[in-house]
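Chain residues, written in single-letter form:
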Amino acid sequence: MSPTPFWLFLRPEAKTVNDAAAEKVKVRGVLHGGVAFFAHPFVRFLVSRGTFYLLAIVAGFTMTFFIPRLMPGNPVDMMLRPAQPGLPGLAGGASPAVGRAADFARIRAALEEFFGLDKPLHQQYLVFWQRLFRGDLGPSFAFSMQPVAEIVGRALLFTLVLVVPVLLLSFYLGNYIGASAAISQRGVSSLVYYGSLFFAQMPFYWFAMILSFLLALKAGLFPFYGWHSPELLPNWSLSFLMNVAWHYALPFLALLIGSIGTWTVGMWSMMLYEMRSDYILYCQQLGFRKRTLKKYAKRNAMLPQYTGFNLVLSGLIGQTVITEVVFGWPGLGSLGYRAILSRDYPLLMGTFLVTVVVVLLGNFLMDILYGLIDPRIRTGYVERG
Amino acid sequence: MWRRLVRDGQFLMALGVVGLIVGVGVLGPRFVRNPHAFVWLPNQPPSRQFLLGTDPFGRDVLARLVVGIRTSLLVGVYAGLIGVALGVTVGLVSGYMKGVAGETLNLLTNVVMVFPVLPVLIILAAIFERRSLVLVGTIIGVVSWPWAARCIRAQVLSLREREFVRLAKISGDRHVKIAFLEIMPYMLAYIVMVFVLMLGGAIGAEAGISMIGLGPTDAVSLGNLLFWAMVHEATRVGHWWTFLPPGLVLTLLTVFSLIMHKRMDQIFNPRLRTW
Amino acid sequence: MENPLVIVERLRGYYVGGFGVVHGVDDVSLTIRAGEGVGLVGESGCGKSTLAQLITGVTGPVLHYQGGTVMVDGFNVYAIPEETLRTEVLCKRLAYIPQAAMDSLNPVKRIRDLLRDVVKERTGRRPSNEEVFTTAGEHFESLGLPRRVLNLYPHELSGGMKQRVVVAISTLWNPKILVVDEPTSALDVSSQKLLVKTLMLLRHRGTVKSMLFITHDIPVARQVCETLAVMYAGQLVEVGPVEEVLDSPRHPYTRGLLSSIASYEPHAGRRARLECIPGRPPDMRNPPPGCRFHPRCSLAQPRCAQSEPPEVTLAGKRMLRCWRFSGGG
């Protein structure tokens, strides 16, 4: 018998899945499809999650809009104060862009135009959104007034190069270790559990410092800082890329080990829980081999782990941002750090916006993925009888 | 219920470790040298006189560590109090009120929760030039409350349908009275649990923003110690005594407060146990 | 009734865990003959499900077999290697239908995929969807389940259907003995009726020869079984032909149990009162000394507190565990 045609799922009231006349059903399917499309549980799911994230993004952007305007005093003044000619600069505060009084006035004008503080609030808000849609995040004070969007875009790439592989690799490794540990002997099991808990809860950037101390200083295997050796000029040659990979190794490792810990802890608990569930016992009664039972438990324990992606991503972004600062890896973290030191609010806001969008988009993608994987979300109706 | 808790081996051990660290933080500063004073040659490795050596300014690292524990704990406590206050209120109301009020609060909780904690902390802390302990604690609390709210809400939802609440409703008590007098006693254990969780998280969060330079200004905290170690490139010059201890204490504090929380959860919320 | 299919002798099984050691089943002996349906009744926690699991030999992580023998159609369950138990006894000769059938089906697999896995595990070969649909479909339909449920996920089925699906899956290899654990507890009345009909159908057809039917529901036990066994605190206290036990119970516990149940008794009249047994079931970590029922028994004698009464068979058909019926009473 042929596999169930997908479009039959478009009719949630369908009582039978293999109705006799396929033609009749097909026509009805198309007609009902339009309306029933939105009644389909998965579509409803997509729409509700999408709206939620949209709401969150708007909320986040609005907060970004208000923050510099809620500070005591004029944000432009705050930014420029340490850089005013004649004033002693704070540690790391003075921007190299500010040299003479004429430059200073020019910069001040540009910043005031960006913040638009002379206009009424709702107009500022409108302009804010207009700019966002154009991709204009303002000028970066610390980077000689280059557009923030460009700078942040470049940094984003560096951060993603760290975050995405760590996320994916740690997921598979961590789940594997967690599942194996859960079904091993008690001693090994507990050791792995508490070890992973330690790795999961430690500050990843602290572990990064330890790795740096052990592997860079003591063993001399890896470099301390930066994304390439200073004497090399960035290019696409293999040797340069290898050099970058060499600099990439330590931050990657630090984040990876910590993330593996996070997944292991979760999977360990889930696996123990699944191994004791009723369906495993029943399958045992049906004569399943122990091996297959473990496979079943593992597969089912993984499902809720997918929902953990959201939390892990949020946490990982935070840890990555700081680890970047420790290693001088030019991602969003280092950028934010620089922005804070130079009191460059447009840059800081831009970095924050992009970070938040990345996290929220990632969460949305994860929700969709999970919806596709878990059959309980894909199908929604219950047979009668 | 509480009696079972104090007999639980794992909980007691975790409590012991946390208690020890807290004890050091509370009483320790009395017994150590001045953490701000330049007491010796800089960059000395640990010796019998200076158990954790000195930092690049010649300050006693052990003294700084002990004072740092106290500072971090204080920030954690402030954050925990604010987080629990906000979280319990929102959780209680959103769990108890059916309809629009409850649903809106729940939506609010979920929206705030979906934001990555550290970036939001950074952006909020960057507003202020000078940040006191209370300020930092407040900011952290204001960002971390959704988790507490969610836990509390789940409990309230399950308690709401229980008999004693229905009885109170029938006898005409007003909603607020019911919420606080009937439900709260059961919630007390849960609130303590949530507080422990928030404390652990807040200490970690404080470390995070201190590392980026936005921690409490002019205060010595664990995160601050790590920040200075980073700025002075301690890993490059091999001064492990400046960054290893603070991070270790931090991790131990977070790990064991988490274990405490987990044991409390297992005992107050018996579910399918994994024996 | 012919030769015995299941012989349980002095079976003991305990739960061991962080909570201590709980006596699940202590010294239970029972025989189920071919063609016999044995009903097992008792309060919650008396050990009915434990006994069922111990008979199948699949006990799960916390329950441990402690002693005694279980013979299933000639196989000594606890003496044969696990592999033999898996391939020869389970499903083929003895099938277990679990209590919470709702949770017994893997939630992420369609029924037909589960069946394909079951066949693979048992025979080493993985059948195609068509094969499963034809053969299993036939069996399902003979039990009143539409073939199409094979294509569905468990959560798309109603509670009653899930229970009957579990019955269907467990009986695919036509086992002679069926151990059914409280099949009707979680169902509404109409689903209960359907399920009981399904079980009776299986027995009627002769594929299933004997049944161990565990239930709270005494009227259903009366309908389905020939023999009734009453369990208390991990032991059997009374066993006998179902009509006799229900009409003239001898053990004090059975008497108390039956008079505390409200059921349709046309001859009882309005004057019948519901009586309850005073006290509570014992903590099975420390069962009471002597007869386990003695703290709650209105007819207890000093001897009851001192030593455990043995199992005594009266007139070849009634088994009792009570000092009032053993020698020297």
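Structure first, text after, so check above.
Below is a short write-up of the structure. (Residues numbered from 1 in each chain as written. Chains lettered and ligands numbered in written order. Predicted model: local features only at pLDDT ≥ 70, side-chain atom pairs only at ≥ 80, totals over all residues. Heavy atoms only, no water.)

**Quick word on the environment of proline 183 of chain C**
Residue and element names in this part refer to chain C.
Link 1 in the chain: Assignment of secondary structure puts proline 183 in the loop between β7 (177-181) and α7 (189-205).
Link 2 in the chain: With 66 residues separating them along the chain, proline 183 and aspartate 117 place their C-alpha atoms 24 Å apart.
Link 3 in the chain: Among all residues touching proline 183, those that are not within four sequence positions of it are Gln163, Leu195, Leu199, Phe213 and Ile214. (Helix = DSSP H or I, 4+ residues; strand = E, 2+ residues; numbered from the N terminus. Contact = heavy atoms within 4.5 Å.)

**Quick notes on the sheet that holds strand β5 (residues 75-76) of chain C**
Residue and element names in this part refer to chain C.
Link 1 in the chain: Strands sit in the order β2-β1-β4-β5 across an open sheet of four strands; the sheet is antiparallel. Across the chains shown, the open sheet's two edge strands, defined by having one partner strand only, are β2 (20-33) and β5.
Link 2 in the chain: Pairing geometry for strand β1 (residues 4-17) and β2, over eleven bridges, is antiparallel. Across the sheet, glycine 13 pairs through a bridge with valine 25, a residue of β2. (Pairing = 2+ DSSP bridges.)

**Description of unusual backbone geometry**
Link 1 in the chain: Residues other than glycine seldom take positive phi values, yet aspartate 218 of chain B does so here, at roughly 55°.
Link 2 in the chain: Position of aspartate 218 of chain B relative to the elements: it lies in the loop between α8 (175-211) and α9 (222-231).
Link 3 in the chain: Positive phi, close to 70°, is recorded for cysteine 91 of chain C, a residue that is not glycine.
Link 4 in the chain: The residue cysteine 91 of chain C is located in the loop between α2 (82-89) and β6 (94-97) in this model.
Link 5 in the chain: A relative accessible area of 1% places cysteine 91 of chain C in the buried class. (Buried < 20%, exposed > 50% of the residue type's maximum accessible area, 1.4 Å probe, protein only.)

**Topic: the pattern of salt bridges**
Link 1 in the chain: The full count for this structure, using the stated rule, is 31 salt bridges over all chains.
Link 2 in the chain: Of the charged contacts in the structure, one is a salt bridge between aspartate 55 of chain B and arginine 59 of chain B, with a shortest N-O distance of 3.0 Å.
Link 3 in the chain: Classification of arginine 59 of chain B as buried rests on a relative accessible area of 12%.
Link 4 in the chain: Of the charged contacts, one joins glutamate 182 of chain C and lysine 48 of chain C as a salt bridge, the two residues approaching to 3.7 Å between their closest N and O atoms. Taken together, the positions of glutamate 182 of chain C in the loop between β7 and α7 and lysine 48 of chain C in helix α1 (residues 48-56) put the pair 134 residues apart, joining distant regions of the chain.
Link 5 in the chain: Glutamate 182 of chain C gets classed as buried once you look at its relative accessible area, which sits at 5%.
Link 6 in the chain: One network of salt bridges, in which partners are shared, links Arg10, Asp27, Glu308, Glu311 and Arg321 of chain C. (Salt bridge = Lys/Arg side-chain N within 4 Å of Asp/Glu carboxyl O.)

**Quick look at the interface of chain A and chain B**
Link 1 in the chain: Contacts between the two partners involve 51 residues from chain A and, on the opposite side, 49 residues from chain B.
Link 2 in the chain: Of the roughly 4300 Å² buried between chain A and chain B on both sides combined, carbon and sulfur atoms contribute 80%.
Link 3 in the chain: Along the contact surface separating chain A from chain B lie zero salt bridges.
Link 4 in the chain: At the junction of chain A and chain B, the tally comes to five residue pairs in polar contact (both at pLDDT 80 or more).
Link 5 in the chain: Looking at the side of chain A that touches chain B, the elements that each hand over two or more residues are α2 (41-70), α7 (186-201), α8 (204-218), α9 (238-275), α11 (290-327), α12 (332-341) and α13 (345-373) of chain A. (Buried area = accessible area lost by both parts, 1.4 Å probe. Polar contact = N/O pair within 3.5 Å; in protein donor to acceptor, adjacent residues only side chain to side chain.)

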